[in-house]
Amino acid sequence: NAGVTQTPKFRVLKTGQSMTLLCAQDMNHEYMYWYRQDPGMGLRLIHYSVGEGTTAKGEVPDGYNVSRLKKQNFLLGLESAAPSQTSVYFCASSRQGATLSYNEQFFGPGTRLTVL
Amino acid sequence: KQEVTQIPAALSVPEGENLVLNCSFTDSAIYNLQWFRQDPGKGLTSLLLIQSSQREQTSGRLNASLDKSSGRSTLYIAASQPGDSATYLCAVYSSASKIIFGSGTRLSIRP
């Protein structure tokens, strides 16, 4: 099993450009998450999904959109990138939700995004 | 609002020592708490998950405890090794959308 994979690993954008980050998991997990990690601020939840076809906002959703058309994939889109979106983006998945007992999160390797 | 704090931000100890990393949270109404390890430039690796009804979890040289009433969790690492050098993060699960991470403790084990 590959676990959680993310594409691409690195990307440099100019302000105003758009892009999509792809997350894929092969563990048949219901829940998937997108986080951003910034120095000194830990990880912050952007959006999450509780199953195929569903999405919900996390702590810092502004400027991002997501889609979960297939259970194994969770896409994160930036429609008009801004320098404030320079960060490392992590995708994670879990079998169950955070409020249930078996909800260990598994993380992808991250995507390092720079917006100039 | 749930806040998660990890102190110290950085720690350096000689190889072989036992050490404790701290994680504190402000709202005791949590479901679970998870400890992660992150190597430079890498993703997060899950170390231990403690359910709210549990007091501790053990895996090899690692032992994590949870005291909800005092809003604290500790990660105990026995007989530290240079390979343990990494950043350790704790995450508190307050609801499906409220998974709050601490800023981490950067651990360095000196040979």
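What counts and what doesn't
- Residues numbered from 1 in each chain as written.
- Chains lettered and ligands numbered in written order.
- Predicted model: local features only at pLDDT ≥ 70, side-chain atom pairs only at ≥ 80, totals over all residues.
- Heavy atoms only, no water.
- Salt bridge = Lys/Arg side-chain N within 4 Å of Asp/Glu carboxyl O.
- Helix = DSSP H or I, 4+ residues; strand = E, 2+ residues; numbered from the N terminus.
- Buried < 20%, exposed > 50% of the residue type's maximum accessible area, 1.4 Å probe, protein only.
- Polar contact = N/O pair within 3.5 Å; in protein donor to acceptor, adjacent residues only side chain to side chain.
- Contact = heavy atoms within 4.5 Å.

1. Examining the pattern of salt bridges
Line of reasoning, step 1. Enumeration over the complete set of coordinates arrives at 5 salt bridges over all chains.
Line of reasoning, step 2. The partner of E30(A) in a salt bridge is K71(A), with the nearest N and O atoms 2.8 Å apart. Here E30(A) is found in the loop between β3 (19–25) and β4 (31–38), whereas its partner K71(A) is found in the loop between β7 (65–67) and β8 (73–78), with 41 residues between them in sequence.
Line of reasoning, step 3. Exposure remark for E30(A): the relative accessible area of 32% places this residue in the partly exposed category.
Line of reasoning, step 4. Where D39(B) meets R37(B), a salt bridge forms, and the shortest distance between an N and an O atom there is 3.0 Å.

2. Quick notes on the side chain of S94(B)
All names here are of chain B.
Line of reasoning, step 1. On the secondary structure map, S94 appears in the loop between β9 (86–93) and β10 (99–101).
Line of reasoning, step 2. A polar atom in the side chain of S94 sits 3.3 Å from the side chain of Q2.
Line of reasoning, step 3. In this structure S94 touches Q2, A29, I30 and Y31, once residues within four positions along its chain are discounted.

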